[in-house]
Amino acid sequence: MTENECGWIEVFVETNNEGFEPVSGIIYQCGITGVMIEDSGDFDEFLNDPARDWDYIEDGLVEEKKNAKNGVTFFVRDNANGMETLNIIKDMLKAAKANESDIDFGSLEVTLRNVKEEDWANNWKKYFKPIAVGEKIVICPSWEEYAKKGDEKILRIDPGHVFGTGTHETTRLCIGFIEKYMNEGDTIADIGCGSGILSIASLLLGAKHADAVDIDPNAVDIAYTNAAMNGIGKDVYTVLSGDILNDKELERTFTDKKYDVVEANIVADVIIALSPRVPSLLKDGGVFIASGIIKQRQEDVLKALFENGFDIIDIGEEKDWTAVAARYKG
C-alpha cells in the first residue's frame, strides 16, 4: 500500500485556552499542515449572541457542545511514519509542559478518535518493514523475516505502541552520526532511550558498554526486550528510568562514569537543557550526538552547545529535522 492509499488517524490533544497557541505551534513544527481548535467558549458565545440567525438548535447538539473538551485536533497518516510523528509530538508536548511552567497547558491528554489505541498499536505494523538506516544498520521489526546482506548489522525491534520504530528522520540522522563518530570499544550513554534503538545500534556496531535512561518507566522492559532480541545482555547494557535533569541521584549514576559518546534523540528544548550537564558525562574529546531538533530551533541548540564548551563537528538535515554532532573540548 502506498502512502497515498493510507488512511488517516484523527488525534485530539486536550488543552486549555492558554495552551491553544503553543500546542498548535508544536504540531505545526512537526510537519502537520492544519489543525482545528475546539473551544467550547465559541459555542457559548454563539448561544448568547442576540444577533444569531438560527431560531432553533437541537437539544442534543447543545448538550454535546456543553460537555465537549477544549483542545486541538489534527490528523496523521495511518502508517509507521505517522506513528513516529505522533510520538514526537507527544514528547514535545511533555517537554513543553515541563519546561514552560508559566503556561497552563491543561492535561495534554492525547486521544485517538475513530480508532481504539490498542487497534492503532497493531494496525500500523503492516506498514513497518525492514529499512536500511545509515550505511550498516538495518532496522527489522520482530515480526518480519530479513536475510542479511554482506556486513549489515540487523537490529531487530518490537517498539511497542508508546515508542517509535526507528524509521523517522531523527533516528536515521542519529544512527548515521553514530556510525561516523563512534569507535569500537567506546562506552555510550543514551539519554531518552525509548525503545533502545540508539544504544542497541551502538552495541551492534562495537560499543563496549551502553547505559540508557528514559523518563517513561515502560522503556526499561521494552529496551531490555529489544536488546535480548539482538543477543545483547545486561552485562553490557543497563537501562534505568527517571528524569536525569531533575533527579540528582540518577544524574550522579551517569556522571560518576565518563563516556566516549552521549546520544540523545529527544527535542530541542531538552537538548538545550542537557547542554550544561552533558560535559560532566563525557571524557575530554568525547562526542555528543543530538537529534530530534526542528530546523527552526537549530540555531538555539547550536548556541547552547557552543556556550557549554562544545565544538560543532557535523550537522545533518533531513526534511524538517536536524541532528548535531559536537565534540567536548574539556
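All of these numbers come straight from a predicted model, not from anything done at the bench.

1. Some words on helix 8 (residues 218–229)
Taking 1.5 Å as the rise per residue, helix 8 with 12 residues should run 16 Å; its terminal C-alpha atoms sit 17 Å apart, in good agreement. Along helix 8, the residues that are buried comprise Ala219, Val220, Ile222, Ala223, Tyr224, Asn226 and Ala227. Buried residues belonging to helix 8 abut strand 7 (153–157), helix 7 (197–204), strand 9 (209–214) and strand 10 (237–241). The positive-phi residue at the C-terminal boundary of helix 8 is Gly231, with phi of around 75°.

2. Considerations on the packing of helix 1 (residues 20–29) against helix 4 (residues 80–99)
Across the interface, helix 1 lies against helix 4 with an axial gap of 10 Å and an inter-helix angle of 145°. As for the relative orientation of helix 1 and helix 4, their crossing is right-handed in sense. Of the residues in helix 4, those touching helix 1 at Val23, Ile26, Ile27 and Gln29 are Ile89, Met92, Leu93 and Ala96. Tallied by class, residues from the contact of helix 1 with helix 4 come to 7 nonpolar, 1 polar and no charged.

3. Here's the deal with the nonpolar core
Phe74, Tyr237 and Phe288 are the most contacted members of the largest nonpolar core, which totals 93 residues. The biggest single contributor to this core is helix 4, with 8 residues. Setting aside chain neighbours within four positions, we find Tyr237 in contact with Gly196, Ser199, Ile200, Leu203, His209, Ala210, Ala212, Ala223, Tyr224, Ala227 and Ile232.

4. So, the packing of helix 6 (residues 169–181) against helix 7
At a minimum axis distance of 10 Å, the contact between helix 6 and helix 7 shows a crossing angle of 30°. The angle between helix 6 and helix 7 places the two elements in the roughly parallel class. As for the relative orientation of helix 6 and helix 7, their crossing is right-handed in sense. Side by side, helix 6 and helix 7 meet where Thr171, Cys174, Ile175 and Ile178 of the first sit next to Ile197, Leu198, Ala201 and Ser202 of the second. Looking at the contact of helix 6 with helix 7, its residues break down into 6 nonpolar, 2 polar and no charged.

5. Comments concerning the sheet that holds strand 8 (residues 187–191)
The mixed open sheet is built from 7 strands, whose spatial order is 10-9-8-11-12-14-13. Either end of the sheet is taken by a strand with one partner, and the two such strands are strand 10 and strand 13 (310–318). Ignoring strand direction, the axes of neighbouring strands in this sheet form an average angle of 15°.

6. Examining the sheet that holds strand 6 (residues 137–141)
Strand order in the open sheet formed by 3 strands is 5-6-7, and the pairing between neighbours is mixed. Unpaired on one side and paired on the other, strand 5 (131–133) and strand 7 mark the two borders of the sheet. In this sheet, adjacent strand axes meet at a mean angle of 35° when their direction is disregarded. By the bridge criterion, 5 bridges tie strand 6 to strand 7 in an arrangement that is parallel. Its bridge partner being in strand 7, Pro141 is matched across the sheet by Ile157. Helix 7 contacts strand 6 and strand 7 of the sheet and is inclined by roughly 150° relative to strand 7.

7. Digging into the confidence of the model for the protein
Looking at the protein, the pLDDT average stands at 83 and 82% of residues meet or exceed 70. Mean pLDDT values over the elements of the protein span from 47, in helix 3 (residues 59–67), up to 97, in strand 8. This model gives residues 1–5 a pLDDT under 50, and the stretch forms 5 contacts once residues within four places in sequence are excluded. This stretch, residues 50–62, has a pLDDT under 50; its non-local contacts, to residues over four places away or in other chains, come to 10 contacts.

8. So, the packing of aromatic side chains
Evaluation of the coordinates by the stated rule reveals 5 aromatic pairs. Three or more aromatic residues link up through ring pairs in this structure, and these residues are Phe288, Phe310 and Tyr328. The ring of Tyr224 has Lys234 lying over it, and the distance from NZ or CZ to the ring centre is 4.4 Å.

9. What to know about unusual backbone geometry
Its identity as a non-glycine residue notwithstanding, Leu108 has a phi of 55°, on the positive side. The buried category is assigned to Leu108, whose relative accessible area is 11%.

10. Structural notes on the pairing of strand 13
With 8 bridges connecting them, strand 13 and strand 14 (residues 321–328) associate as antiparallel partners. Residue pairing in the sheet places Phe310 in a bridge with Tyr328 of strand 14. In sequence, strand 13 turns back onto strand 14 through a hairpin of 2 residues, with Lys319 there showing a positive phi of about 50°.

11. Here's the deal with the pattern of salt bridges
Tallied over the full model, the rule gives 12 salt bridges. One salt bridge connects Arg172 with Glu318, and the closest N-O pair in it is separated by 2.4 Å. One end of the pair, Arg172, is in helix 6; the other, Glu318, is in strand 13, and 146 residues separate them in sequence. Assessed through its relative accessible area of 24%, Glu318 is described here as partly exposed. What you see here is one network of salt bridges that share partners, running through Lys248, Glu251 and Arg277.

Cut-off values and rules
- Residues numbered from 1 in each chain as written.
- Predicted model: local features only at pLDDT ≥ 70, side-chain atom pairs only at ≥ 80, totals over all residues.
- Heavy atoms only, no water.
- Helix = DSSP H or I, 4+ residues; strand = E, 2+ residues; numbered from the N terminus.
- Expected span 1.5 Å × (residues − 1).
- Buried < 20%, exposed > 50% of the residue type's maximum accessible area, 1.4 Å probe, protein only.
- Contact = heavy atoms within 4.5 Å.
- Axes fitted to C-alpha atoms, helices over the stretch in contact; angles between N-to-C directions.
- Left-handed = near helix turned anticlockwise from the far one by under 90°.
- Nonpolar A, V, L, I, M, F, W, Y, C, P; charged D, E, K, R; others polar.
- Core = buried A, V, L, I, M, F, W, Y, C linked by side-chain atoms within 4.5 Å.
- Parallel < 35°, antiparallel > 145°, perpendicular 65-115°, else oblique.
- Pairing = 2+ DSSP bridges.
- pLDDT = per-residue confidence, 0-100.
- Phe/Tyr/Trp six-rings, centres within 6.5 Å; stacked < 30°, edge-to-face > 60°.
- Lys NZ or Arg CZ within 6 Å of the ring centre and 35° of its normal.
- Salt bridge = Lys/Arg side-chain N within 4 Å of Asp/Glu carboxyl O.

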